[in-house]
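Descriptive analysis of the structure
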Amino acid sequence: MNLRSKDLVSIKDLDAGEIGLILETASGFRDVISRDIKKVPALRGKTTVNLFYEPSTRTRTSFEVAAKRLSTDVINIASSTSSVVKGETLLDTAKTVLALGADIVVIRHSCSGTPHFLAKNIKASVVNAGDGTNEHPTQALLDLFTMQEHKGRIKGLEVAIVGDILHSRVAKSNIYALTKLGANVRLIGPPTLLPDFMRDLGVSIYSDMNQGLEGADVIMMLRIQLERQGKGFFPSTHEYFRNWGLTAGRVARAKEDVIIMHPGPMNRGIEISSEVADSSRSVILDQVTNGIAVRMAALYLLSGVRA
Ligand code: CP
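Below is a summary of the structure that appears in this document. (Residues numbered from 1 in each chain as written. Predicted model: local features only at pLDDT ≥ 70, side-chain atom pairs only at ≥ 80, totals over all residues. Heavy atoms only, no water.)

1. Points about the overall build of the chain
The following threshold applies: Each helix is a run of DSSP H or I of at least 4 residues and each strand a run of E of at least 2, with the numbering of both proceeding from the N terminus. For this measure, only C-alpha atoms enter the radius of gyration; the expected value for a globule follows 2.2 Å times N^0.38, where N is the number of residues. A simple rule labels every residue: compare its accessible area, found with a 1.4 Å probe on the protein chains alone, to the largest value its type can have, and call it buried under 20%, exposed over 50%, or partly exposed in between. In what follows, a contact means two residues having at least one pair of non-hydrogen atoms within 4.5 Å. Computed with the Shrake-Rupley method and a 1.4 Å probe, the accessible areas treat only the protein chains shown as cover for residues. Under this rule, positive means Lys or Arg and negative means Asp or Glu; His and the chain ends count for nothing. To locate a charge, the coordinates of NZ of Lys, CZ of Arg, CG of Asp or CD of Glu are taken.
Looking only at helices and strands, the chain has 11 helices and nine strands in total. Computed over its C-alpha atoms, the radius of gyration of the chain comes to 19 Å, within 12% of the 19 Å expected for a compact globule of 307 residues. The principal-axis extent of the C-alpha atoms belonging to the chain is close to 55 × 40 × 35 Å. The proportion of buried residues among the 307 residues of the chain is 54%. By sequence separation, contacts in the chain at least 24 residues apart represent 73% of the contacts at least 6 residues apart. With an accessible surface of roughly 12,800 Å², the chain has 50% of that area assigned to carbon and sulfur atoms. In the chain, 37 side chains carry a positive charge and 32 a negative one; their mean positions are 4 Å apart.

Right, here's the structure in full:
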């Protein structure tokens, strides 16, 4: 079995079998990256280009490490230091990297739909590393992998996703993935940050955090996107923490063996207390490590489709 598309731009495009295949392939690579020699020759001779038009720490470095562990050549292009600042279009930049021999283009962009546009217009495989407020598919896949690692299953899990759902591409990709695999998803946050269309996605919605966390197996906190808060979605960060910040007292509402997740970067003291972020229930750094294995799986399987 392989993926059906040359691209990975959206969780919506994947069926449950394809998600399972990526997670299973990632499990093999998780063993590889735990060894002394963390590299395999699987994609020797291929070239991966990381094209980042927005800041990133985890995703960009994770794709770079994943590509290197698979023995591909890696080219990193950040828009701020490229000819984009001289007015070059996205498509011209992409065609240039193809002329340099790119087989896979990993793109992050502030505009929703950019990876889809690129995928239609270039021959290389395109991987969405986060597009605007739309999707972040490999983040959701690494989140699923981490849940499966700690809970042994996805089906039937009670997963509470808390915070700025409106602006979160991580939340959207996770909602699509978790509901496809049979988890029960609860969205928790201020009503102003919970868009109405979410009600049609088969999730439960809570504005009372204590109620929403009751009996949860997984709590996934989201970053409050401070750069987008000029519109008065909530009165103040102090008020936000008081109502929707994750404290040890609120964690106690969930199951005893609950795991705490966060895609990062975290705003400590705004959406999550340091006590919780650094607690034994936190799997936030496991998410980062698992991201390498999941991205190795994605790059490897996409190369199979293209071969
Ligand atoms: N989780 C995530 O996308 O983090 P970065 O913005 O650091 O890549």
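2. Comments concerning the packing of helix H3 (residues 90-99) against helix H4 (residues 114-121)
Put simply, the rule is: Orientation is described by axes fitted as lines to C-alpha atoms, over the contacting stretch for helices, and by angles from 0 to 180 degrees between their N-to-C directions. Here the word oblique covers every angle except those under 35 degrees (roughly parallel), over 145 (roughly antiparallel) and from 65 to 115 (roughly perpendicular). For any helix crossing, the convention is left-handed if the near helix is rotated counterclockwise from the far helix by under a right angle, and right-handed if that rotation is clockwise.
Running from N to C, H3 and H4 point in directions that differ by 50 degrees, and their axes come no closer than 11 Å. On the basis of the axis angle, H3 is oblique to H4. Crossing angle aside, the handedness with which H3 passes H4 is right-handed. Each of Leu90, Leu91 and Ala94 in H3 lies in contact with H4, whose residues at this interface are Thr114, Phe117, Leu118 and Asn121.

3. Here's the deal with unusual backbone geometry
The amide bond that connects Gly264 to the next residue, Pro265, takes the cis arrangement and shows omega of -10 degrees. Relative to the helices and strands, Pro265 resides in the loop between strand E9 (259-261) and helix H10 (274-277). Residues other than glycine seldom take positive phi values, yet Ser71 does so here, at roughly 70 degrees. If you trace the backbone, Ser71 turns up in the loop between helix H2 (58-69) and strand E2 (73-78). Taking relative accessible area as the criterion, Ser71 reaches 17% and is therefore assigned buried.

4. Concerning the nonpolar core
Quick reminder of the rule: Each nonpolar core is a collection of buried residues, namely Ala, Val, Leu, Ile, Met, Phe, Trp, Tyr and Cys, held together in the definition by side-chain atoms within 4.5 Å.
Among the nonpolar cores identified, the biggest contains 62 residues, and Leu144, Met147, Ile161, Leu178, Leu187 and Leu299 are the most heavily contacted of them. Counting residues per element, this core draws most heavily on helix H11 (residues 284-306), which supplies nine residues. Apart from the residues within four sequence positions on either side, Leu178 is in contact with Leu144, Met147, Ile154, Val159, Ile161, Ala183 and Val185. One finds Val162, Phe234, Val276 and Ala277 within the second-largest nonpolar core, a separate group that totals 24 residues.

5. Observations concerning the pattern of salt bridges
What counts is decided by this rule: Salt bridge, as used here, is a side-chain nitrogen of Lys or Arg placed within 4 Å of a carboxyl oxygen of Asp or Glu.
Taken as a whole and judged by the stated rule, the model has 14 salt bridges. Taking the shortest distance from any N to any O, the salt bridge between Asp217 and Lys255 comes out at 2.9 Å. Of this pair, Asp217 sits in the loop between helix H7 (209-213) and strand E8 (218-221) while Lys255 sits in the loop between helix H9 (248-251) and E9; the two residues are 38 residues apart in sequence, bridging distant segments of the chain. Since its relative accessible area comes to 34%, Lys255 is described here as partly exposed.

6. Digging into the site of the ligand
Spelled out, the test is: Throughout this document, a residue counts as near a molecule or strand when at least one of its heavy atoms sits within 4 Å of that molecule or strand. Counting of polar contacts relies on pairs of N or O atoms within 3.5 Å, with two restrictions inside protein: one atom must be capable of donating a hydrogen and the other of accepting it, and residues adjacent in sequence are counted only when both atoms are side-chain atoms. Classification convention: Asp, Glu, Lys, Arg as charged; Ala, Val, Leu, Ile, Met, Phe, Trp, Tyr, Cys, Pro as nonpolar; all other residues, Gly among them, as polar.
Lining the immediate environment of the ligand, one finds Ser56, Thr57, Arg58, Thr59, Arg108, His136, Gln139, Pro263 and Gly264. Within the side chain of Ser56, one N or O atom sits 2.6 Å away from an oxygen atom of the ligand. At 2.9 Å, a side-chain N or O of His136 approaches an oxygen atom of the ligand. For the ligand, whose accessible area on its own is 260 Å², the fraction buried by protein is 92%. Partitioning the shell around the ligand into residue classes produces one nonpolar, six polar and two charged.

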